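The residues making up each chain are set out below.
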Amino acid sequence: MLGKLIDKFRKGLTKTREGMVQKIRAVIRRRPELDEETLEEIEEILIQADVGVCPTLRIIDHLRARVASGEPVEDAETAVQEFLEEEIRKILMPADDAAPIAITTKPHVILVVGVNGTGKTTTIGKMAHKFRREGKKVLFAAGDTFRAAAIDQLGIWAERTGADMVRHQPGADAASVAFDAIRAARVRDIDIVLIDTAGRLHTKVNLMEEVKKIRRVIDKAMPGAPHETLLVLDATTGQNAVIQAKQFHSAVEVTGLVLAKLDGTAKGGVVIAIADELDLPVRFVGMGESAEDLDDFDAESFVKALFE
Ligand SMILES: Nc1nc2c(ncn2[C@@H]2O[C@H](COP(=O)(O)OP(=O)(O)O)[C@@H](O)[C@H]2O)c(=O)[nH]1
Ligand SMILES: [Mg+2]
């Protein structure tokens, strides 16, 4: 299983590996003495790979201290690579939650939030596929009521995965869709309710207020729900994803992250920034558009794939 995941990461992270790890190797090959200029070049490469300023500066400081300690280094390229691997592993570990999502109640209500186009609806479809394969009964709430097409898109995933769906007319109140969905779930003996939301409100303030309202109404339909609020981030947007995560997290209580579109991005380093700057578990990563392309985040596999 893990071998397969490493292969997927390896494929998805090809551009990040080329833009980050291989460039660092080339720099060290050229200047194995690891002087200040070399360190600055490595720093720049890490920042360009979206590792984030804070984690990058810390990694470089640690490396500088290591160089200053004067330990003889025979093979600088390998030594630096091993050092970076270890530093990145340490940063990623806290985000690597062993149990991706613990299903603790029935129905277990999962609210999915994020800005437009990050991959919310697709992630809901993929999650449904996974839960259905585990024999669970799944129900969707079509809470992105902005366009009929958004409701239809979720409907296609419902058909494909054998999930139930509660939908209202386009333009309807998203919170009441969620409310009805939870009520229906209780009647229909559903295990997991997945609530889709819109990310396209005119201002960020409106978007946050809407999500807050949905949360309040969900809690009325089922006290204690939602049991999980998943924020979907688009890895290809790099540092923007970090900014979005901070905004959502301060406005609504996000309990976990999904990093979508990790396939083929050169900005895969953003995972390091997110793990470093946010105290949130990465529940899933998305590496493709099909139902199977949702995987648990595994820090060890990620690091191995990045450096091999
Ligand atoms: N390559 C790739 N594309 C994805 C992934 N997740 C979503 N997408 C695509 O991103 C686009 C927007 O996804 P959607 O789920 O509609 O985003 P939403 O607006 O947040 O609901 C669609 O074309 C999806 O097929 C992923 O993990 N990898
Ligand atoms: Mg959507």
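Presented here is a report on the structure given in the accompanying data block. (Residues numbered from 1 in each chain as written. Chains lettered and ligands numbered in written order. Predicted model: local features only at pLDDT ≥ 70, side-chain atom pairs only at ≥ 80, totals over all residues.)

**Focus on the overall build of the protein chain**
- Per the secondary structure count, the protein chain includes 12 helices and eight strands.
- Taken against the 2.2 N^0.38 rule, which gives 19 Å for 308 residues, the C-alpha radius of gyration of the protein chain at 21 Å falls within 12% of a compact globule.
- Along the three orthogonal principal directions, the C-alpha set of the protein chain runs to about 70 × 40 × 30 Å.
- By residue count, 48% of the 308 residues in the protein chain fall in the buried class.
- In the protein chain, once contacts between residues fewer than 6 apart in sequence are set aside, the share between residues at least 24 apart is 79%. (Helix = DSSP H or I, 4+ residues; strand = E, 2+ residues; numbered from the N terminus. Rg over C-alpha atoms; globule rule 2.2 N^0.38 Å. Buried ≥ 20, exposed ≤ 12 C-beta atoms within 10 Å, placed from the backbone. Contact = placed C-beta atoms within 7 Å.)

**A look at helix α10 (residues 239–251)**
- Helix length check: α10, at 13 residues, gives a terminal C-alpha distance of 19 Å against a target of 18 Å (1.5 Å per residue), a fit within 8%.
- Along α10, the positions that sit buried rather than exposed are Ala241, Gln244, Ala245 and Phe248. Down the axis of α10, the buried side of the element spans an arc of 105°, and every buried residue falls inside it. For α10, the exposed residues lying more than 90 degrees away from the buried face are Ile243 and Ser250. (Expected span 1.5 Å × (residues − 1). Arc of directions from axis to C-beta.)

**What about the site of ligand 1?**
- Neighbouring ligand 1 are 18 residues; Gly119, Lys120, Thr121, Thr122 and Gly286 lie closest to it.
- Of the residues in the shell around ligand 1, the class split is three nonpolar, 10 polar and five charged. (Near = placed C-beta within 6 Å. Nonpolar A, V, L, I, M, F, W, Y, C, P; charged D, E, K, R; others polar.)

**Notes on the sheet that holds strand β8 (residues 294–296)**
- The eight strands are arranged β3-β2-β4-β1-β5-β6-β7-β8 in an open sheet whose pairing can be described as mixed. At either end of the open sheet lies a strand with only one pairing partner, and these are β3 (164–166) and β8. For this sheet the average axis-to-axis angle between neighbouring strands, irrespective of direction, equals 25°.
- Of the pairings in the sheet, the one linking strand β1 (residues 108–113) to strand β5 (residues 228–234) comprises four bridges and is parallel in character. Its bridge partner lying in β5, Val113 is registered against Leu231. (Pairing = 2+ DSSP bridges. Axes fitted to C-alpha atoms, helices over the stretch in contact; angles between N-to-C directions.)

**Focus on the packing of helix α5 (residues 76–92) against helix α12 (residues 299–307)**
- In contact at an axis separation of 10 Å, α5 and α12 are set at 150° when each is read in the N-to-C sense. Comparing their axes, α12 and α5 come out roughly antiparallel. In this structure, α5 crosses over α12, and the sense of that crossing is right-handed. Every residue of α12 that contacts α5 at Gln81, Glu85, Ile88, Arg89 and Leu92 is listed here: Ala299, Phe302, Val303 and Phe307.
- Within the contact of α5 with α12, the residues separate by chemical class into six nonpolar, one polar and two charged. (Parallel < 35°, antiparallel > 145°, perpendicular 65-115°, else oblique. Left-handed = near helix turned anticlockwise from the far one by under 90°.)

**As for helix α8 (residues 174–187)**
- Taking 1.5 Å per residue as the helical rise, α8 with its 14 residues ought to reach 20 Å, and the 20 Å between its terminal C-alpha atoms agrees with that figure.
- Regarding α8, the residues found buried are Ala174, Ala175, Val177, Ala178, Ala181, Ile182 and Ala185. The buried residues of α8 all sit within an arc of 155° when viewed along its axis, so they share a single face.
- Among the residues trailing α8, Asp189 stands out with phi positive, at a value near 60°.

**A short note on unusual backbone geometry**
- With an omega of -5°, the peptide bond between Lys106 and Pro107 qualifies as cis.
- Residue placement: Pro107 occurs in the loop between α5 and β1.
- Cis geometry is adopted by the peptide bond preceding Pro226, which originates at Ala225 and carries an omega value of 0°.
- Relative to the elements of secondary structure, Pro226 occurs in the loop between α9 (204–221) and β5.
- With a phi angle near 55°, Leu34 is a residue other than glycine that sits in the positive phi range.
- Assignment of secondary structure puts Leu34 in the loop between α2 (14–30) and α3 (36–48).

**Overview of the nonpolar core**
- In terms of nonpolar packing, the biggest core is built from 95 residues, with Val193 and Leu194 touching the most fellow members.
- If you tally residues by element for this core, the top one is α8, at seven residues.
- Excluding anything up to four places from it in sequence, Val193 contacts Pro107, Val109, Ile110, Leu139, Ala141, Ala181, Ile182 and Ala185. (Core = buried A, V, L, I, M, F, W, Y, C linked by C-beta atoms within 7 Å.)

**Description of the environment of Lys130**
- Examined against the element boundaries, Lys130 turns out to sit in helix α6 (residues 120–133).
- Overall, Lys130 belongs to the buried group, with 20 C-beta atoms counted inside 10 Å.
- A sequence separation of 68 residues divides Lys130 from Ala198, and the C-alpha atoms of the two residues are 23 Å apart.

**Observations regarding the packing of α3 against helix α4 (residues 53–68)**
- Two elements in contact, α3 and α4, have axes separated by 9 Å at closest approach and are oriented at 155°. By the angle between their directions, the pair α3 and α4 is classed as roughly antiparallel. In this structure, the crossing between α3 and α4 has a hand that is right-handed. On α4, the residues that touch Leu39, Ile42, Glu43, Leu46 and Ile47 of α3 are Val53, Thr56, Ile59, Ile60, Leu63 and Arg64.
- Of the residues belonging to the contact of α3 with α4, the class tally is eight nonpolar, one polar and two charged.

By themselves, these are just geometric observations and shouldn't be taken as functional.
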